[in-house]
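Remarks on the overall topology
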Amino acid sequence: MAPGGKGCLTVEKLLIEGPSRLAGEITVHGAKNSVLPLLAASMLCSAGCVLHNCPVLSDVETAMRILRHLGCQVEREGSSVFVDPAGMDRDDIPDCLMREMRSSIVFLGAIISRAGSARLSFPGGCELGPRPIDLHLAALRRMGAVIREDHGCLDCSAPGGLRGARISLSFPSVGATENVMIAASRADGTTIISNAAREPEICDLADFLCQCGAKISGAGESTIVIEGVQSLGGCEHRVIPDRIAASTFLAASAITGSKISLAGVNSIHLNPVLSVFEEAGCHIKCQEDRLEIAPPPRLCSVKGIRTMPYPGFPTDSQAPVMAMESLADGTSVFVENIFESRYKHVGELLRLGANIKVEGRVAVVEGVRRLSGAPVEAPDLRGGAALVVAGLAAEGRTEISGLKHIDRGYERLEESLASLGASILRTSS
Ligand code: EPZ
């Protein structure tokens with residue numbers, strides 16, 4: 001194929017020359033997993049909303065495209081996104097957008113609440129295994145939605161509108177909790193969610209909805225009460241910092257033995273991971289929205305890292321922290337309790353010289369003395385971040401492909417790491 005010829009395929013890669021030493025401070029971007037439900041919720045507002053601290057990520061762009069497809073006006077100015085939902089005149093999400101981002105299911109409750117109906121395709125499985133939505137559908141049905149599932153599509157309607165209900169989640173699903181909170185905000189009556197997710201993103205969504213006039217109490221606890229209101233106004237809201245991106249930068253610092261500081265973080269949200277970094281021998285100093293990490297010359301192993309719903313250790317931090325522990329002194333054990341197959345990064349870490357064995361939900365990491373650079377491919381978002389973390393410490397050149405995964409959740413990752421002194425650049429061929 002002639003270079004640049006018709007149909008020429010451009011492949012982007014990250015090239016990392018390791019081992020790197022990092023120094024300095026970076027500001028952590030806003031939380032992807034908060035922006036997405038906030039954009040969905042903005043559909044219910046009778047006036048415009050402004051979201052500040054919105055990271056430039058492909059998942060956020062996809063969510064903005066969904067809103068535009070539905071008829072909303074959405075504009076971005078730097079890290080602020082303005083949504084005017086007044087022009088919304090559709091109730092469907094095209095399959096191509098659903099496939100780009102399985103978390104599009106979080107738009108379902110908002111579309112039914114606003115339009116009285118919704119048509120979207122089943123999110124299907126993804127890199128982490130099947131992504132069932134039974135909890136979302138069961139809850140919305142209890143609120144009066146009639147949902148037909150056929151030929152991979154969801155055809156939903158609530159002609160009489162949604163009504164408050166008692167919802168008991170068999171698992172504290174983040175997305176299902178968000179869908180119910182949004183749908184219940186303007187439902188007729190009161191909704192009580194038992195066994196609700198307690199993640200910081202749930203609290204951020206509740207704060208946003210309450211600023212718009214919703215009546216929500218208990219967010220962050222296991223029982224959330226939402227008293228439906230007739231209408232919601234607009235508001236200006238600042239998105240919370242991305243605790244998973246922050247934990248990824250901490251892992252980069254720890255694996256390279258570099259002292260760095262992070263600005264714009266919420267150290268309370270990071271508590272579940274900070275204890276693991278301290279057990280690995282890192283000294284962490286928290287002040288307000290800044291945090292300093294000073295790692296030991298060689299990390300200690302961490303015996304039991306079990307991913308759990310918040311405030312347990314977050315599943316999204318499992319891969320980057322596993323990469324970090326691949327160079328630790330001793331054996332670390334991970335148990336992935338949230339997703340069925342979230343160890344796809346292990347095969348790629350082995351190519352860099354790690355020594356990891358996976359048995360079902362358990363991964364046993366034998367710390368090695370060194371990693372060596374190699375060409376690797378990101379299997380999913382956080383697995384890709386793990387490869388970047390490992391590549392920073394690996395000796396020689398690491399080439400990482402599959403950047404579409406990484407770009408879903410990290411804003412200009414290579415620029416942030418380069419500003420700390422890493423030898424990392426993005427190439428396209
Ligand atoms: C959110 O996904 C996050 N995504 C995920 O982050 C995160 O890993 C996950 O919460 C857990 O914290 C967004 O917020 C956009 P769940 P979500 O519903 O809502 C099962 C990242 O890397 N389940 O809490 O999809 C499900 O299969 C992403 O940023 C059902 O069985 O997670 C999983 O095993 C990855 N039925 C478990 O619950 C349902 O109806 C947790 O899922 C829903 C979920």
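Residues numbered from 1 in each chain as written. Predicted model: local features only at pLDDT ≥ 70, side-chain atom pairs only at ≥ 80, totals over all residues. Heavy atoms only, no water.

Here we take up the site of the ligand. Around the ligand there are 22 residues in total, and Asp-134, Leu-135, Ser-173, Asp-316 and Ile-338 lie nearest to it. Between an oxygen atom of the ligand and a main-chain N or O atom of Ile-338, the distance comes to 2.5 Å. In the environment of the ligand, an oxygen atom lies 3.2 Å from a nitrogen or oxygen atom belonging to the side chain of Arg-342. Relative to its free-state accessible area of 820 Å², the ligand is covered by the protein chains to the extent of 85%. When contributions to the shell around the ligand are tallied by element, the ones reaching two or more residues are helix 1 (32–41), helix 5 (134–142), helix 6 (174–185) and helix 12 (381–393). In terms of residue class, the shell around the ligand is made up of 10 nonpolar, six polar and six charged. (Near = heavy atom within 4 Å. Polar contact = N/O pair within 3.5 Å; in protein donor to acceptor, adjacent residues only side chain to side chain. Areas by Shrake-Rupley, 256 points an atom, 1.4 Å probe, with all protein chains shown as cover. Helix = DSSP H or I, 4+ residues; strand = E, 2+ residues; numbered from the N terminus. Nonpolar A, V, L, I, M, F, W, Y, C, P; charged D, E, K, R; others polar.)

Now for the pattern of salt bridges. Inspection of every chain in the model, using the stated rule, returns 23 salt bridges. Taking the shortest distance from any N to any O, the salt bridge between Glu-61 and Arg-76 comes out at 3.5 Å. With Glu-61 in helix 2 (residues 58–70) and Arg-76 in strand 4 (residues 73–77), this pair connects stretches of sequence that are 15 residues apart. The partly exposed category is assigned to Glu-61, whose relative accessible area is 27%. Among the salt bridges present, the one from Arg-342 reaches Asp-316, with a minimum N-O distance of 2.6 Å. (Salt bridge = Lys/Arg side-chain N within 4 Å of Asp/Glu carboxyl O. Buried < 20%, exposed > 50% of the residue type's maximum accessible area, 1.4 Å probe, protein only.)

Taking the numbering used here, the UniProt-annotated feature "modified residue: 2-(S-cysteinyl)pyruvic acid O-phosphothioketal" (unreviewed entry) corresponds to Cys-126. As for its position among the elements, Cys-126 is in the loop between strand 7 (117–121) and helix 5. Beyond its immediate sequence surroundings of up to four residues, Cys-126 is in contact with Arg-102 and Arg-131. (UniProt positions renumbered as here; feature names shortened; annotations may be inferred. Contact = heavy atoms within 4.5 Å.)

This paragraph deals with the pairing of strand 8 (residues 146–150). Here five bridges tie strand 8 to strand 9 (residues 153–157), and the two strands are oriented antiparallel to one another. In the strand pairing of strand 9, Val-146 is matched with Ser-157. (Pairing = 2+ DSSP bridges.)

The subject of this paragraph is the layout of surface pockets. In this model, the second largest pocket occupies a volume close to 330 Å³. It is helix 8 (residues 243–256) that provides the largest number of residues to the lining of the second largest pocket, a total of three residues. Here the residues of the lining of the second largest pocket sort into 10 nonpolar, three polar and five charged. (1 Å grid on protein atoms, 1.4 Å probe; cavity = no way out; pocket = protein on both sides within 12 Å on 5 of 7 lines; lining within 4 Å. Points joined across faces, edges and corners; volume = space filled by probe spheres on them.)

What follows covers the sheet that holds strand 7. Across the sheet, which stays open at both edges, the four strands sit in the order 6-7-9-8 with mixed pairing between neighbours. Either end of the sheet is taken by a strand with one partner, and the two such strands are strand 6 (92–93) and strand 8. Lying over the sheet, helix 5 contacts strand 8 and strand 9, oriented at roughly 145° with respect to strand 8. (Axes fitted to C-alpha atoms, helices over the stretch in contact; angles between N-to-C directions.)

So, on to the packing of helix 8 against helix 9 (residues 267–279). Viewed as axis vectors pointing N to C, helix 8 and helix 9 meet at an angle of 20°, and their least axial separation amounts to 10 Å. Comparing their axes, helix 9 and helix 8 come out roughly parallel. Viewed along their axes, helix 8 and helix 9 form a crossing whose handedness is right-handed. Listed contacts from helix 9 to Arg-243, Ala-246, Ser-247, Leu-250, Ala-251 and Ala-254 of helix 8 are His-269, Leu-270, Val-273, Leu-274 and Phe-277. A per-class count over the contact of helix 8 with helix 9 returns eight nonpolar, two polar and one charged. (Parallel < 35°, antiparallel > 145°, perpendicular 65-115°, else oblique. Left-handed = near helix turned anticlockwise from the far one by under 90°.)

With that settled, consider the sheet that holds strand 20 (residues 355–359). In spatial order, the strands read 18-19-21-20; together these four strands make up an open sheet with mixed pairing. The outermost strands of the open sheet, each flanked by one partner alone, are strand 18 (305–306) and strand 20. Here strand 18 runs beside strand 19 (residues 331–335); their pairing, made up of two bridges, is parallel. The residue bridging Arg-306 from the neighbouring strand is Val-335, located in strand 19. Along the sheet, helix 10 (residues 318–325) contacts strand 18, strand 19, strand 20 and strand 21 (362–366); its crossing angle with strand 19, the most-contacted strand, is approximately 170°.

Look at the link from Gly-18 to Pro-19: it is a cis peptide, with omega at -5°. Along the chain, Pro-19 falls in the loop between strand 1 (12–18) and strand 2 (24–27). In this structure, Pro-311 follows Tyr-310 across a cis peptide bond, with omega equal to 15°. Residue placement: Pro-311 occurs in the loop between strand 18 and helix 10. In the Ramachandran plot, His-151 falls in the positive-phi region, its phi being about 50° despite a non-glycine side chain. Of note, His-151 is situated in the loop between strand 8 and strand 9.

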